[in-house]
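The residues making up each chain are set out below.
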Amino acid sequence: MDGDESMNGQVPPSGQVPLNGQLPPNGQLPPNGQLPPNGQLPPNGQFGQQPHGFRPGADPYMQWFSQQQQVYVSEMFRQQQEVLQQQQAAMQQQQRAFMEQQEQLLRNVMTRINIQVPPNPEVILDSLANNIKEFRYDPENNVTFAAWYNRYDELFANDASRLDDPAKVRLLLRKLGMSEHERYTSYILPKTAKFFSFADTVAKLTSLFETAESVISRRYRCLQIMKQPLEDYVTYACRINKACVEFELPKLSEEQFKCLVFVCGLKSEKDVEIRTRLLCRIEERAVITLELISEECQRLLNIWHDAAMIEEQVAAVQALDSKPKFSRKQFKSGPSGDRAKSGRSGPDTA
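Per chain, residues are indexed from 1 in the order of the written sequence. Two thresholds apply to this predicted model, a pLDDT of at least 70 for residue-level local features and 80 or more for giving and counting side-chain atom pairs, whereas whole-chain, interface and lining totals are computed over all residues. Hydrogens and water molecules were not included; the side-chain quantities draw on all heavy atoms of the structure.

Regarding the overall build of the protein
Part 1 of the argument: Where helices and strands are cited, they refer to DSSP runs of H or I of at least four residues and of E of at least two residues respectively, numbered from the N terminus. Assigned secondary structure in the protein consists of 16 helices and zero strands.
Part 2 of the argument: Per-residue burial over the protein gives 24% buried out of 350 residues.
Part 3 of the argument: The contact criterion used throughout is that any non-hydrogen atoms of two residues lie within 4.5 Å. Sequence separation of at least 24 residues holds for 55% of the intrachain contacts in the protein that already meet a minimum separation of 6.
Part 4 of the argument: Working definition of accessibility: Shrake-Rupley area with a 1.4 Å probe, residue cover restricted to the visible protein chains. A total of about 25,700 Å² of accessible surface is found on the protein, and carbon and sulfur atoms cover 56% of it. With a 1.4 Å probe rolled over the protein chains alone, any residue whose accessible area is under 20% of its type maximum counts as buried; one over 50% counts as exposed, and the rest are partly exposed.

See the structure below:
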């Protein structure tokens with residue numbers, strides 16, 4: 001054949017077994033133990049160098065068959081490895097999907113376990129009410145609603161967070177004393193407690209049950225604090241700290257502080273009335289200066305001077321009006337008139 005003669009006795013390195021399954025006429029195999037695809041051998045039947053493992057004198061067919069068997073086993077092993085790898089990958093994917101399903105199932109179970117029936121609000125209200133002391137208003141001892149509520153602020157903010165706003169209002173009013181509750185309900189008439197939110201209720205109670213002492217009075221009292229002889233330093237420091245907080249220093253301007261120091265210096269008995277009037281003036285005016293305070297003092301002195309002058313004039317007039325007055329008849333019937341009468345009557349009696 002022309003195609004076989006053009007190969008010059010060389011087998012192409014395709015490594016494929018002949019499709020017709022024929023062996024070369026001389027029984028010789030190609031160097032790599034494989035025949036050309038068309039099953040034809042070179043005319044001389046020579047393949048050049050013998051393949052590795054070729055045993056001279058052995059049956060060529062058996063050698064070729066052994067080599068093909070090795071190739072077949074290698075190919076089968078490779079294919080099995082690929083199949084095993086694919087199966088392993090599929091099993092890993094199935095295992096991951098199974099684990100995800102198990103995790104999702106576990107999350108659903110935990111969610112169902114954590115979901116509980118909401119408790120009765122009245123039960124929570126009763127439980128919290130047992131931990132709150134009843135409020136009794138005592139302004140003389142500084143027991144105000146603001147001080148009382150500050151003690152239970154965290155309880156209303158955290159522990160009572162599961163209650164709605166009306167329930168919080170009921171809890172708050174439940175802990176008021178009888179007189180305090182009556183005072184509040186009278187204060188908000190004609191409305192009732194249910195018309196106000198919890199924040200509004202706290203604001204109204206704070207305003208209604210606050211200290212009777214004014215801010216100026218607290219500030220004045222703070223500047224007059226002295227350590228008691230039998231008082232320890234810790235207690236003294238606590239009193240100072242509380243008084244300074246009630247002083248509301250951040251809200252005090254420089255001019256207000258000057259006016260307060262000015263008033264605190266008026267300790268004479270004759271300045272009592274001036275000190276009282278100045279404290280009222282500072283309390284009334286949001287903007288006050290030391291100049292206005294001094295002018296107010298002078299104005300009060302002028303008023304008192306004018307009032308004293310008028311009072312003296314009135315006293316003088318009243319003194320004149322209080323002197324005895326005689327009529328003309330009373331003047332004629334005085335001592336001389338009596339003597340005249342006695343002189344005329346003398347001869348008659350004689």
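Next comes the rest of the description.
So, unusual backbone geometry
Part 1 of the argument: Here the residue pair Leu189 and Pro190 is connected by a cis peptide bond, since its omega of 10° sits within 30 degrees of zero.
Part 2 of the argument: As for its position among the elements, Pro190 is in the loop between helix H7 (178–187) and helix H8 (198–208).

Here we look at the pattern of salt bridges
When their charged atoms lie close together, side chains carrying opposite charge are able to pair.
Part 1 of the argument: One speaks of a salt bridge when a side-chain nitrogen belonging to Lys or Arg is within 4 Å of a carboxyl oxygen belonging to Asp or Glu. Evaluation of the coordinates by the stated rule reveals 10 salt bridges.
Part 2 of the argument: Ionic pairing is found between Arg78 and Glu75, a salt bridge with its closest N-O pair at 2.2 Å. Of this pair, Arg78 and Glu75 both sit in helix H2 (residues 60–114), separated by three residues, roughly a single helical turn.
Part 3 of the argument: Taking the relative accessible area as the measure of exposure, Arg78 reaches 38% and is therefore partly exposed.
Part 4 of the argument: Between Lys258 and Glu255 there is a salt bridge, and its shortest N-O distance comes to 3.6 Å. Here Lys258 and its partner Glu255 are both found in helix H11 (residues 254–264), three residues apart, which amounts to about one turn of the helix.
Part 5 of the argument: Note on Lys258: relative accessible area 33%, which makes it partly exposed.
Part 6 of the argument: Each of the salt bridges in this network shares a partner with another, and the network as a whole consists of Glu75, Arg78 and Glu82.

Remarks on a nonpolar patch on the surface
Part 1 of the argument: Two distance rules govern patches: like charges are joined within 9 Å, and nonpolar side chains (Val, Leu, Ile, Met, Phe, Trp, Tyr) within 5 Å, applied only to residues with over 30% relative accessible area and no salt bridge. A cluster of nonpolar side chains, namely Tyr61, Met62 and Phe65, defines an oily patch on the protein surface of about 310 Å² accessible area.
Part 2 of the argument: Classification of Phe65 as partly exposed rests on a relative accessible area of 41%.

Some points on the nonpolar core
Part 1 of the argument: For this analysis, a nonpolar core means a set of buried residues of the types Ala, Val, Leu, Ile, Met, Phe, Trp, Tyr and Cys, connected via side-chain atoms within 4.5 Å. Judged by nonpolar contacts, the single largest core of 28 residues is most densely connected at Phe145, Trp148, Tyr149, Phe156, Leu171, Leu172 and Leu205.
Part 2 of the argument: Sorting the residues of this core by element identifies helix H3 (121–129), helix H4 (145–151), helix H5 (153–157), helix H6 (165–174) and H8 as the ones contributing at least two each.
Part 3 of the argument: For Trp148, the residues in contact, after removing those within four places along its chain, are Ile132, Lys133, Glu134, Phe135, Leu172 and Lys175.
Part 4 of the argument: Grouped together as the second largest cluster of nonpolar side chains are 10 residues, Ile216, Ile282, Ile288 and Cys297 included.

Structural notes on the side chain of Arg219
Part 1 of the argument: Within the secondary structure, Arg219 sits in helix H9 (residues 215–223).
Part 2 of the argument: In this structure Arg219 comes out as buried when scored by relative accessible area, which is 6%.
Part 3 of the argument: The residues touching Arg219, leaving out its near neighbours within four places in the chain, are Phe247, Glu248, Lys251, Leu252, Gln256 and Leu260.

With respect to H8
Part 1 of the argument: Residues of H8 that are buried: Phe198, Thr201, Val202, Leu205 and Leu208. Looking down the long axis of H8, one finds its buried residues gathered within 135° of arc, a one-sided arrangement.
Part 2 of the argument: Check the buried side of H8 and you find it contacts H4, H5, H6 and H7. To be clear, the arc concerns the directions from the helix axis to the C-beta atoms.

A look at the packing of aromatic side chains
Part 1 of the argument: For this analysis, a ring pair means two rings from Phe, Tyr or Trp (six-membered ring only for Trp) whose centres lie within 6.5 Å, classed as stacked if their planes differ by under 30 degrees, edge-to-face if by over 60, and tilted for the remaining angles. A full pass over the atoms with the stated rule returns 10 aromatic pairs.
Part 2 of the argument: A connected cluster of aromatic rings, assembled from ring pairs, spans Phe135, Tyr137, Phe145, Trp148, Tyr149, Tyr152, Phe156, Phe198 and Phe209.
Part 3 of the argument: Any Lys NZ or Arg CZ that is within 6 Å of a ring centre and within 35 degrees of that ring's normal is treated as a charge sitting over the ring. A cation sits over an aromatic face here: Lys168 above Phe198, 5.8 Å from the ring centre.
Part 4 of the argument: Between Lys227 and the ring centre of Tyr233, over which it is positioned, the NZ or CZ distance is 4.8 Å.

Topic: the state of the cysteines
Part 1 of the argument: Disulfides are defined as pairs of cysteine sulfur atoms found within 2.5 Å of each other. Scanning the entire structure with this criterion turns up zero disulfides.
Part 2 of the argument: Among the cysteines around Cys222, which has no disulfide bond, Cys244 carries the closest sulfur, lying 4.2 Å off.
Part 3 of the argument: Note on Cys244: relative accessible area 41%, which makes it partly exposed.

Examining H6
Part 1 of the argument: Among the residues of H6, Ala167, Lys168, Val169, Leu171, Leu172 and Leu173 are the ones counted as buried.
Part 2 of the argument: Considering only its buried residues, H6 is in contact with H3, H4, H5, H7 and H8.
Part 3 of the argument: Where H6 begins, one side-chain oxygen reaches toward the backbone nitrogen of Ala167, 3.1 Å away; that side chain belongs to Asp164. Polar contacts here mean pairs of N or O atoms no more than 3.5 Å apart (in protein, one a potential hydrogen donor and the other a potential acceptor; neighbouring residues in sequence count only if both atoms are side-chain atoms).

What to know about the packing of H9 against H11
Part 1 of the argument: Only C-alpha atoms enter the line fits that serve as axes; for helices the fit covers just the stretch in contact. Angles between N-to-C directions range over 0 to 180 degrees. Viewed as axis vectors pointing N to C, H9 and H11 meet at an angle of 65°, and their least axial separation amounts to 11 Å. The hand of the H9/H11 crossing is right-handed. Residues Ile216, Arg219, Tyr220 and Leu223 of H9 pack against Gln256, Leu260 and Cys264 of H11.
Part 2 of the argument: Gly is put with the polar residues, along with every residue not named as nonpolar or charged; the nonpolar set is Ala, Val, Leu, Ile, Met, Phe, Trp, Tyr, Cys and Pro, and the charged set is Asp, Glu, Lys and Arg. Here the contact of H9 with H11 is composed, by residue class, of five nonpolar, one polar and one charged. Handedness of a crossing follows from how the near helix is turned relative to the far one, being left-handed for an anticlockwise turn of less than a right angle and right-handed for a clockwise one.

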